[in-house]
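# Inside the fold
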Amino acid sequence: MTDQMTLIETKDLTKAYTMGDQTVHALAGVSLTIEAGEFVAIMGASGSGKSTLMNILGCLDLPDGGEYRLAGEAVQTMSADALAAVRNRRIGFVFQQFNLLPRTSAQENVELPMVYAGVSNEERHRRAREALQRVGLGERADHTPAELSGGQQQRVAIARALVNRPQLILADEPTGALDTRTSEDIMGLLTELNEQGITVVLVTHEHDVAAWARRRLVFRDGQVVEDAVQPGHRTQAAHA
């Protein structure tokens, strides 16, 4: 784990959505702190607020009220361009459905975030290869998603999340579309990356997936109802 510093800090976050004539309070005053190097699992029933929180932590949405600081920067006051820059510089995203371009090679999929970041062609190629090697897919760089298994596609997505060297990986149900064995492999990889110093925050409804994290947050009705350290969390070494 890296030296402790506060990476994520929220104070009294609120977010409401209007659905017909009803107002749904997705977040109802959420305050939490996540230190750099932590591995946190967020759990809760559908509609509990966990995905809304992830969207705000990922600078994909803004709260209605409250404060959010990422690495000391006040996110809720940023312009759309500034939010996009923070996303690109500090955060890597991993989703349940992989979100890969279907007719594009693994290499080119991994290069995409660097295109937006203005990285040169040569540097893009080098860093994409390096990221694919890091997730065990160096020899599959020229394959399209259709030529890869679900687990391999998720590894490509994780490589894509890594290329801009983020401080934070946000993973939303990263094993939701995978079988049990492949899920274990992906969680082992995320654990390995966390042990190398990257902060990992994941949303999951599966207790065996959450067991990999060192800390578990449980949401209900837009609030944190449980925040517990998991002393028996699984590690890559224990898994091996």
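Please read all numbers here as calculations on a predicted model, not as lab measurements. (Residues numbered from 1 in each chain as written. Predicted model: local features only at pLDDT ≥ 70, side-chain atom pairs only at ≥ 80, totals over all residues. Heavy atoms only, no water.)

With that settled, consider the overall build of the chain. A tally of helices and strands in the chain yields eight helices and 10 strands. Oriented by its inertia axes, the alpha-carbon framework of the chain measures out at about 50 × 40 × 40 Å. Once local pairs closer than 6 in sequence are excluded, the contacts in the chain between residues at least 24 apart make up 69%. Carbon and sulfur atoms form 47% of the exposed surface of the chain, whose accessible area is close to 11,200 Å². Considering the chain, the positive charge centre built from 23 side chains and the negative charge centre built from 31 side chains are found 3 Å apart. (Helix = DSSP H or I, 4+ residues; strand = E, 2+ residues; numbered from the N terminus. Contact = heavy atoms within 4.5 Å. Areas by Shrake-Rupley, 256 points an atom, 1.4 Å probe, with all protein chains shown as cover. Lys, Arg positive; Asp, Glu negative; His and termini not counted. Charge placed at Lys NZ, Arg CZ, Asp CG, Glu CD.)

This part is about the layout of surface pockets. Its boundaries defined by the atoms lining it, the largest pocket holds a volume of some 470 Å³. Those elements that place two or more of their residues in the lining of the largest pocket are helix H2 (80-90), strand E6 (91-95), helix H3 (106-116) and helix H5 (150-162). The biggest single contributor to the lining of the largest pocket is E6, with four residues. Looking at the lining of the largest pocket residue by residue, the class counts come to 10 nonpolar, four polar and two charged. (1 Å grid on protein atoms, 1.4 Å probe; cavity = no way out; pocket = protein on both sides within 12 Å on 5 of 7 lines; lining within 4 Å. Points joined across faces, edges and corners; volume = space filled by probe spheres on them. Nonpolar A, V, L, I, M, F, W, Y, C, P; charged D, E, K, R; others polar.)

This paragraph deals with the side chain of arginine 90. Along the chain, arginine 90 falls in helix H2. Contact partners of arginine 90, with chain neighbours within four places excluded, come to Leu70, Ala71, Glu73, Pro166, Gln167 and Leu168.

Taking 1.5 Å of rise per residue, 14 residues should cover 20 Å, and helix H4 (residues 121-134) covers 20 Å from first to last C-alpha, within 8% of that figure. In this structure, the buried residues of H4 make contact with H3 and H5. Count one or two residues on from H4 and you reach glycine 136, which has phi positive near 80°. (Expected span 1.5 Å × (residues − 1).)

On average, residues of the chain carry a pLDDT of 90, and 95% of them reach 70 or more. Mean pLDDT in the chain bottoms out at helix H8 (residues 236-239), which sits at 46, and peaks at strand E8 (residues 199-203), which reaches 96. Predicted confidence is poor over residues 236-240, with pLDDT under 50, and the contacts of this stretch with residues over four places away or in other chains come to 10 contacts. (pLDDT = per-residue confidence, 0-100.)

One non-glycine residue, cysteine 59, lies in the positive phi region at around 60°. Mapped onto the elements, cysteine 59 comes out in the loop between helix H1 (50-57) and strand E4 (65-70). Cysteine 59 gets classed as buried once you look at its relative accessible area, which sits at 1%. For glutamate 173, which is not glycine, the phi torsion reads 50° and is therefore positive. With respect to the secondary-structure elements, glutamate 173 resides in the loop between strand E7 (168-172) and helix H6 (180-195). (Buried < 20%, exposed > 50% of the residue type's maximum accessible area, 1.4 Å probe, protein only.)

Ranked by size, the top nonpolar core spans 39 residues in total, and within it Val110, Leu132, Val156 and Ile158 carry the most contacts. Counting only elements with at least two residues in this core, the list comes to strand E3 (39-44), H3, H4, H5, E7, H6, E8 and helix H7 (207-210). No other element matches H5, which puts six residues into this core. Excluding anything up to four places from it in sequence, valine 110 contacts Ala128, Ala131, Leu132, Val156, Ala159, Arg160 and Val163. Ile56, Tyr68, Leu83 and Leu217 belong to the second largest nonpolar core, which has 29 residues in total. (Core = buried A, V, L, I, M, F, W, Y, C linked by side-chain atoms within 4.5 Å.)

Scanning all chains against the criterion turns up 13 salt bridges. A salt bridge links glutamate 38 to arginine 215, with the nearest nitrogen and oxygen atoms 3.0 Å apart. One end of the pair, glutamate 38, is in the loop between strand E2 (22-35) and E3; the other, arginine 215, is in strand E9 (residues 215-220), with 177 residues separating them in the sequence. Residues glutamate 38 and arginine 215 agree in their burial class; the two are buried. A salt bridge links glutamate 73 to arginine 89, with the nearest nitrogen and oxygen atoms 3.0 Å apart. Linking glutamate 73 in strand E5 (residues 73-74) with arginine 89 in helix H2, this pair joins segments that are 16 residues apart in sequence. (Salt bridge = Lys/Arg side-chain N within 4 Å of Asp/Glu carboxyl O.)

The next subject is the sheet that holds E4. One open sheet accounts for four strands, arranged E2-E1-E4-E5; its pairing is antiparallel. Edge positions in the sheet fall to E2 and E5, since each has one partner strand and no second. Where E4 meets E5, two bridges bridge the pair, whose relative direction is antiparallel. Paired with arginine 69 across the strands is alanine 74, a residue of E5. Across the sheet, H1 lies against strand E1 (6-19), E2 and E4, angled at about 125° from E1, the strand it touches most. (Pairing = 2+ DSSP bridges. Axes fitted to C-alpha atoms, helices over the stretch in contact; angles between N-to-C directions.)

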